[in-house]
Amino acid sequence: MAGIPTQTGLEMREVGVDLYSPNWVVFQPNIVIDAKLGCLWHVYLKLEPLVTMIPDKNRLIDFLLLRKDSKKVILNVCRQALVPGQQCNLAIIAKVYDQLNQVYRTYLEGEQGAAQGAEGTVSPWPPGSNLPVVVDQSDMYTHVLTPVAEIKDVKYKFMVAVLVEYIRSLNHFSIPVQHFLYELVINTLVRHNRFYQLHQFLQYHVLSDSKPIACLLLSLESVYPPAHQLALDMLKRVTTANEEIIEVLLSKNQLLSALRFLRSVGGTDNASARKFLEAAKNTEDRMLFFTVYKFFEQRNLRLRGNPQFMPGEHCELYVKHFEDLFGAQSFAPMPQ
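Heads up: these notes are all about the structure in this document. Since the structure is predicted, the reported quantities are computational estimates derived from the model, not experimental observations. (Residues numbered from 1 in each chain as written. Predicted model: local features only at pLDDT ≥ 70, side-chain atom pairs only at ≥ 80, totals over all residues. Heavy atoms only, no water.)

Moving on, we come to the overall build of the protein. For the protein, the helix and strand inventory stands at 15 helices and five strands. Counting only C-alpha atoms, the protein reaches 115 × 50 × 40 Å along its principal axes. Taking all 336 residues of the protein together, 40% fall into the buried category. As displayed, the protein has an accessible area near 20200 Å², and 54% of this comes from carbon and sulfur atoms. (Helix = DSSP H or I, 4+ residues; strand = E, 2+ residues; numbered from the N terminus. Buried < 20%, exposed > 50% of the residue type's maximum accessible area, 1.4 Å probe, protein only. Areas by Shrake-Rupley, 256 points an atom, 1.4 Å probe, with all protein chains shown as cover.)

Their axes nearest at 11 Å, the elements helix α5 (residues 137–149) and helix α7 (residues 179–191) cross at an angle of 10°. The angle between the axes of α5 and α7 places the two elements in the roughly parallel class. Judged by residue contacts, Gln137, Ser138, Tyr141, Leu145, Thr146 and Ala149 of α5 engage Phe180, Leu181, Leu184 and Arg191 from α7. Of the residues assigned to the contact of α5 with α7, the class counts are six nonpolar, three polar and one charged. (Axes fitted to C-alpha atoms, helices over the stretch in contact; angles between N-to-C directions. Parallel < 35°, antiparallel > 145°, perpendicular 65-115°, else oblique. Contact = heavy atoms within 4.5 Å. Nonpolar A, V, L, I, M, F, W, Y, C, P; charged D, E, K, R; others polar.)

Turning to the environment of valine 26, a few remarks are in order. Counting through the fold element by element, valine 26 comes out in strand β3 (residues 24–27). According to the relative accessible area criterion, valine 26 is exposed, its value standing at 60%. Sequence spacing of valine 26 and tryptophan 41 is 15 residues, and the spatial spacing of their C-alpha atoms is 9.7 Å. For valine 26, the residues in contact, after removing those within four places along its chain, are Ile31 and Val32.

With that settled, consider the environment of glutamate 165. For glutamate 165, the position within the fold is in helix α6 (residues 156–172). Overall, the relative accessible area of 18% leaves glutamate 165 in the buried class. Sequence separation of glutamate 165 and isoleucine 93 is 72 residues, and the distance between their C-alpha atoms is 8.2 Å.

Excluding glycine, most residues fall at negative phi; most peptide bonds, likewise, are trans. At the junction of glutamine 28 and proline 29, the peptide bond is cis and its omega measures out at 5° in the coordinates. Residue position: proline 29 is located in the loop between β3 and β4 (31–34). The phi torsion at serine 174 lies on the positive side, around 55°, for a residue other than glycine. Within the secondary structure, serine 174 is located in the loop between α6 and α7. One non-glycine residue, histidine 314, adopts positive backbone phi at about 55°. The residue histidine 314 is located in the loop between α14 (286–304) and α15 (316–326) in this model. Accessibility expressed as a relative area gives 47% for histidine 314, which makes it partly exposed.

If you walk through the whole model with that rule in mind, you get 14 salt bridges. In this structure, the salt-bridge partner of lysine 275 is glutamate 243, at a minimum N-O distance of 2.8 Å. Of this pair, lysine 275 sits in helix α13 (residues 273–283) while glutamate 243 sits in helix α11 (residues 242–251), and the two are 32 residues apart along the sequence. On the accessibility criterion, lysine 275 (28% relative accessible area) is partly exposed. Judged by its relative accessible area of 43%, glutamate 243 is partly exposed. A salt bridge links arginine 304 to glutamate 313; its shortest N-O distance comes to 3.4 Å. Residue arginine 304 is classed as partly exposed on the basis of its relative accessible area of 35%. On the accessibility criterion, glutamate 313 (19% relative accessible area) is buried. One connected set of salt bridges, linked through shared partners, spans Asp98, Glu165 and Arg168. (Salt bridge = Lys/Arg side-chain N within 4 Å of Asp/Glu carboxyl O.)

Let us now look at the side chain of lysine 57. Within the fold, lysine 57 resides in helix α2 (residues 57–65). Buried and unpaired, lysine 57 has aspartate 56 as its nearest opposite-charge partner, separated by 8.9 Å. Residues in contact with lysine 57, not counting those within four places in the same chain, are Val77, Cys88, Ile92 and Val96. (Lys, Arg positive; Asp, Glu negative; His and termini not counted.)

Running from N to C, helix α12 (residues 255–264) and α13 cross one another at 160°; their axes reach a closest spacing of 11 Å. It follows that α12 is roughly antiparallel to α13 by the angle criterion. Here the hand of the crossing between α12 and α13 comes out left-handed. Contacts between α12 and α13 involve Leu255, Ala258, Leu259 and Leu262 from the first element and Phe276, Ala279, Ala280 and Thr283 from the second. Across the contact of α12 with α13, the residue classes tally to seven nonpolar, one polar and no charged. (Left-handed = near helix turned anticlockwise from the far one by under 90°.)

Of all the positions in helix α9 (residues 211–219), only Ile213, Ala214, Leu216 and Leu217 are classed as buried. Around the axis of α9, the buried residues are gathered within 160° of arc, so they sit on the same side. Check the buried side of α9 and you find it contacts α7, α8 (195–203) and α10 (227–237). Between a side-chain oxygen at the N-terminus of α9 and the backbone nitrogen of isoleucine 213 the separation is 3.3 Å; the capping residue is serine 210. (Arc of directions from axis to C-beta. Polar contact = N/O pair within 3.5 Å; in protein donor to acceptor, adjacent residues only side chain to side chain.)

Structure follows, in structure tokens:
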């Protein structure tokens, strides 16, 4: 039944409507006109019921990606596929992630081209068409992966496999993986005391190197001591993390290692002598303080031809401390 206006237009009357009547004229994308009744309708799909009507998850995702305002339903489908009792096998899940990330990659390329303003850049989307539904890493992390990881009935092995599969898919489409996904993998393994597997993931670069991941590893030292060295190794591979490496070594009172690293990266000339001398003084190790002090004396002599510290370096306290410990005769001689 449908309500149509009367000739006066002041009231409505109900008439029977034959579905798919020969009087219908259909126009894309969703307009139906009944020429006999003089009615025009817009057709709208309710997407939620389709989730149960289309059992093939991959076909369902393909369908939903073409529908407007379907992101919420897509995320629900992805979440349900991981919940006990409704879990799909990893092959299906992997294909779903590839479907999502293929659209994601195309969208990123379009955005990159638009940002660069390159002449002749062709949009991947036909003119007048709806923009695609893009499910990015933040969407998956917030609405799918994190909520499922917090469900007690979800086996950790399955959860780790899902996370690794999603990371694989992102890498397959050359999409840079955000560090919060790696952190979720690490936290899942740590929560179940799977440190050996974590070690393997880091050793074989399943988890990519980054400063945030290295900092997370440093925080795990109390429960997994090798994490400290793993973090240092990662920071060394991140070529812009020299300052962080030195800070880590100083925090562990590994001053000689810090000085060796400083020398290896050519950072001696610009290093803060005060920072090292303060750390050496705090150890209350006389010979360590002596070694560090002499290191910077030699640095000063090489740079300026004078072993003394400049006033701007604010090392007067440590010069006095050195003199109290070893006497004035222990200072490097002034050049003639």
